[in-house]
Amino acid sequence: MIFFSKKSKPKIPLEKQKLMTVNGDEAVAYAVKQCYVDVVAAYPITPQTIIVEKYSEFVADGEVHTEFIPVESEHSAMSACVGAAAAGARAFTATAANGLALMWEILYIAASLRLPIVLAVVNRALSAPINIHCDHSDAMGMRDSGWIQIFAENVQEAYDTTIQAFKIAEKALLPVAVNLDGFFLSHTLENIYMLPDDAVYEFLGGPRKVAKTYVDYLGKEVEAKLDPANPLSFGPLDLYDYYFEHKMHQVEAMKEAKKIVKEVHDEYAELSGRSYGDGILVPYEVEDADVIVTVLGSTGGTVRWVVKKLRQKGYKVGTVRIRLFRPFPFEELREILKGAKVVGVMDRAISFGSFGPSFLEVNTALYDLKEKPLLVNYVYGLGGRDVPPDLVEKMFMELLEDAKKGVVENKLRFLGVRE
Amino acid sequence: MSHVSQPKPTEKPYDLIIFEPGKKYDLPLTLNLRQLAEERRPMILPGHRLCAGCAAPIIVKLVSFALRGPTIIANATGCLEVATTIFPYTSWAVPWIHNAFENAAATASGIEAAIKAMKKTGRLPYDHIDVIVFAGDGGTFDIGLQALSGMAERGHDVLYILYDNEAYMNTGIQRSGGTPPFAWTTTSPVGKVIPGKSQEKKPIADIMVAHRIPYVATATPAHWADMIKKVRKGIEVDGPAFIHALSPCNRGWRHDLDLAIEICKRAVDTCYFPLWEWERGKGYMLTDRSLAIAKNPQLKQPIEKFLEVQGRFRHLLKPENRHLLKQFQEYVDAVWEDLLNRAVNAPK
Ligand SMILES: Cc1ncc(C[n+]2csc(CCOP(=O)(O)OP(=O)(O)O)c2C)c(N)n1
Ligand code: SF4
């Protein structure tokens, strides 16, 4: 959901913003173009491909200064981004599904070296069987790698979030993954507003500035990059005497990141007039709701539409879209969910032998409550399976029934799967 | 990256090699060892933990002497990497990065692209920064080949130096695509029915020639002037360059600690490891001792000279394995003959 600010006029009023009809992939490409990115390395995979195709056009037409590296694999795409970012450049790549899985090893390295790389993940199901359509199994595979993960609901948000991502990454010194649902967003045309180039340039503070670090053997503060004036070693062997502390640095950085995501979101909202909840959660009709459903990504819109319809019929239902998945907003979510009788957690992925990944997080968020809502996990939409409003309504009716009964018998349910 | 400790400024921070921004650098190519020792500092500092007698740090030192100016090093996982940077220490006097095992070439591609982009936008305070990769045979012949091939095809201006100790040494001497036939390793043991590695050595340098990159060469630290010249050429050419350097490993080759350089000489004298370079438009050219051998075939030594000082080939010298030794000699001769046929400066 996009809220256009009504109270105060945005710094860049809508009439100064360019209205464009683009799909989600193109929106990301345009955002990256405006972000003064030095290095883009990428490898094609549906449904991400349009991003780099579009970006290649910008490069071919001389519209950007970016060095484009058409690598021979996603593993090398992320590796090249690590090299570029370590050298002080602003770096971007995009992928999906198997491509993201192939990056896995280097995702950890990017985060652990504290490199502010931005990655667009155009969510797609993992093989086998091979399937090119949307689910979140790819994103959930990287959730422990130390990346900030944000999920966009629509094309406008994918554009806005990509711009925010560079600022978040460079402030938090952590890489950021912007998730957009494959096909539902990547290949769907929407009218979106784009900021003028110079507004984005100013928002980001120009080209990337490298954070400083204190190095005692140099006896000074130096930029943390590969610099012949200040030779630093990146990615050394780190044994049991220091590794743990370095991981603690990442823990601290992630804690800090939530604040940064909010701040950057608010600053961007002032600039553009567009906001997405508080930047981490987007609640809708939750105040007095008996049943609240949590959701990630593009399904958020469908769920909200159904909530609106059910509210008109007098049902006390609400929804909250989780925009920031890593770091997970436990406290904030607990605040929103604590009054509900039943919480339904929608997951477009499954952890075999367990529940959907976000169900586990919501569970954790609620555990500290004295009076806990009942919890149900709905796994839906695997491999791009459609989730029409009727199905969402059916889910709400089941949950209302659970609320009435006061018990949940079947905690893990599959929405829209043939029996 | 947050550091809490207070700065304690030191007078001169060890022997770092510092290139000042804004200055022009074009260090001359010097081939006088005494002068080099006085004027140039190696980019690998004392105190690293590579085994005594390992050839890898000697190769890095020789490479240091060939630098022309600001340089960034990317290092694949392996002995050289783990032994030189045990946190909080580092032996590297120049900016250095280790990313993973198989992606040194891709990492270097990213660094080179970043340098280009920053230069284009006036944000690079240097005329040029050279990018050099060091990777072992495992990280090059095997798991790293894809990234290396991609880097070569895309034409990144990077010098890739393979230090070839002919096995996965860091994980404890397992065979690699660079291990020679019949060599003992822990995954090609000499057993009752299989006498060491069953396959030949992958012709990695020829594979790189096949990529038609501007410059490919072989080198050993024993032929130091030859090596320094080749490294300098590799840095100076515009585009990717590849140097295959032989790097004896006393742990894995089972030889005496003081033999690294001697074994390199024997490798060249027996034509097990010929010295050559290949340039686009010029073709294969023998260099240094290998050129001398081509001109005076009587200088060529039998392969036993190379094998006899190494425990990994001990079984080949047993009387019952004569036929294997003969096979090894035939293999070496075939590779050498093939090279003689291709080398433009070999007597025809
Ligand atoms: C993906 C991956 N697989 C395996 C390893 C384990 N590993 C670390 S170093 C190494 C061998 C390195 O051998 P080589 O490249 O020949 O260099 P050397 O140690 O011999 O100098 C291996 C297998 C790793 N680090 N990463
Ligand atoms: S094991 Fe071999 S290659 Fe590794 S440091 Fe020791 S001698 Fe050098």
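Residues numbered from 1 in each chain as written. Chains lettered and ligands numbered in written order. Predicted model: local features only at pLDDT ≥ 70, side-chain atom pairs only at ≥ 80, totals over all residues. Heavy atoms only, no water.

A few points about the overall build of chain B
- The helix and strand tally for chain B stands at 13 helices and eight strands.
- If you line up chain B on its principal axes, its C-alpha atoms span 65 × 45 × 40 Å.
- A burial count over chain B gives 59% of its 348 residues as buried.
- For chain B, the proportion of contacts with a sequence separation of at least 24, taken over those separated by at least 6, is 70%.
- Entry remark: accessible area of chain B is about 14,300 Å², with carbon and sulfur atoms responsible for 54%.
- Side-chain charges in chain B split into 42 positive and 36 negative, and the spacing between the mean points of these groups amounts to 1 Å. (Helix = DSSP H or I, 4+ residues; strand = E, 2+ residues; numbered from the N terminus. Buried < 20%, exposed > 50% of the residue type's maximum accessible area, 1.4 Å probe, protein only. Contact = heavy atoms within 4.5 Å. Areas by Shrake-Rupley, 256 points an atom, 1.4 Å probe, with all protein chains shown as cover. Lys, Arg positive; Asp, Glu negative; His and termini not counted. Charge placed at Lys NZ, Arg CZ, Asp CG, Glu CD.)

Some points on the overall build of chain A
- A count of helical and extended segments in chain A gives 12 helices and 20 strands.
- Rg of the C-alpha trace for chain A: 21 Å, near the compact-globule value of 22 Å for 419 residues, within the 12% margin.
- Taken along its principal axes, the extent of the C-alpha atoms in chain A is 70 × 55 × 45 Å.
- Burial status across chain A gives 63% buried among its 419 residues. (Rg over C-alpha atoms; globule rule 2.2 N^0.38 Å.)

Brief notes about the site of ligand 2
- Taken together, Leu50, Cys51, Cys54, Cys79, Asn165, Cys249, Asn250 and Arg251 of chain B are the residues near ligand 2.
- Partitioning the shell around ligand 2 into residue classes produces five nonpolar, two polar and one charged. (Near = heavy atom within 4 Å. Nonpolar A, V, L, I, M, F, W, Y, C, P; charged D, E, K, R; others polar.)

As for the packing of aromatic side chains
Residue and element names in this part refer to chain B.
- The final tally for this structure, using the stated rule, is 24 aromatic pairs over all chains.
- Ring geometry for tyrosine 272 against phenylalanine 306: centres 4.4 Å apart, planes inclined by 20 degrees, an arrangement best described as stacked. One end of the pair, tyrosine 272, is in the loop between α10 (260–269) and β7 (276–279); the other, phenylalanine 306, is in helix α12 (residues 304–307), and 34 residues separate them in sequence.
- A relative accessible area of 7% means that tyrosine 272 is categorised as buried.
- Accessibility expressed as a relative area gives 0% for phenylalanine 306, which makes it buried.
- For the ring pair tyrosine 272 and phenylalanine 328, a centre distance of 6.2 Å and an interplane angle of 40 degrees mean the geometry is tilted. Highlighted residues: tyrosine 272 in the loop between α10 and β7 and phenylalanine 328 in helix α13 (residues 322–342), separated in sequence by 56 residues. Accessibility classification places tyrosine 272 together with phenylalanine 328 in one group, the buried group.
- Among the aromatic side chains, those forming a connected cluster through ring pairs are Phe182, Trp253, Tyr272, Phe306, Phe313, Phe328 and Tyr331.
- Note that arginine 342 overlies the ring of tyrosine 284, its terminal NZ or CZ placed 4.6 Å from the centroid. (Phe/Tyr/Trp six-rings, centres within 6.5 Å; stacked < 30°, edge-to-face > 60°. Lys NZ or Arg CZ within 6 Å of the ring centre and 35° of its normal.)

Regarding the side chain of arginine 90 of chain A
Residues and elements named next belong to chain A.
- Secondary-structure assignment places arginine 90 in the loop between α3 (74–86) and β5 (91–95).
- Looking at arginine 90, its side chain comes within polar contact range of the main-chain oxygen of cysteine 35, at 2.7 Å.
- A polar atom in the side chain of arginine 90 sits 2.7 Å from the side chain of glutamate 170.
- Residues within four places of arginine 90 in sequence aside, it is in contact with Cys35, Tyr36, Val37, Asp38, Val39, Phe166, Glu170, Leu204, Gly206, Pro207 and Arg208. (Polar contact = N/O pair within 3.5 Å; in protein donor to acceptor, adjacent residues only side chain to side chain.)

A word on the pattern of salt bridges
- Evaluation of the coordinates by the stated rule reveals 55 salt bridges over all chains.
- Between arginine 334 of chain A and aspartate 368 of chain A there is a salt bridge, with the nearest N and O atoms lying 3.9 Å from each other. Here arginine 334 of chain A is found in helix α10 (residues 330–337), whereas its partner aspartate 368 of chain A is found in the loop between α11 (357–367) and β19 (374–380), with 34 residues between them in sequence.
- Ionic pairing is found between aspartate 206 of chain B and arginine 342 of chain B, a salt bridge with its closest N-O pair at 3.5 Å. Within this pair, whereas aspartate 206 of chain B is found in helix α7 (residues 204–210), its partner arginine 342 of chain B is found in helix α13, the two being separated by 136 residues in sequence.
- Residues joined in a network through salt bridges with shared partners are Glu153, Glu157, Arg304, Arg321 and Arg323 of chain A. (Salt bridge = Lys/Arg side-chain N within 4 Å of Asp/Glu carboxyl O.)

Thoughts on the environment of glycine 277 of chain A
- You can see glycine 277 of chain A is positioned in the loop between β13 (274–275) and β14 (281–284).
- In sequence terms glycine 277 of chain A and histidine 265 of chain A are 12 residues apart; their C-alpha atoms lie 9.3 Å from each other.

Some words on the packing of helix α1 (residues 24–34) of chain A against helix α2 (residues 49–60) of chain A
Residues and elements named next belong to chain A.
- One way to put it is that α1 packs onto α2 with a least axis distance of 8 Å and a crossing angle of 40 degrees. Here α2 runs oblique to α1, going by the angle between their axes. The handedness of the crossing between α1 and α2 comes out as right-handed. Where α1 abuts α2, its residues Asp25, Glu26, Val28, Ala29, Tyr30, Val32 and Lys33 lie against Thr49, Ile50, Ile51, Lys54, Tyr55 and Phe58.
- The residue inventory of the contact of α1 with α2, partitioned by class, reads eight nonpolar, one polar and four charged. (Axes fitted to C-alpha atoms, helices over the stretch in contact; angles between N-to-C directions. Parallel < 35°, antiparallel > 145°, perpendicular 65-115°, else oblique. Left-handed = near helix turned anticlockwise from the far one by under 90°.)

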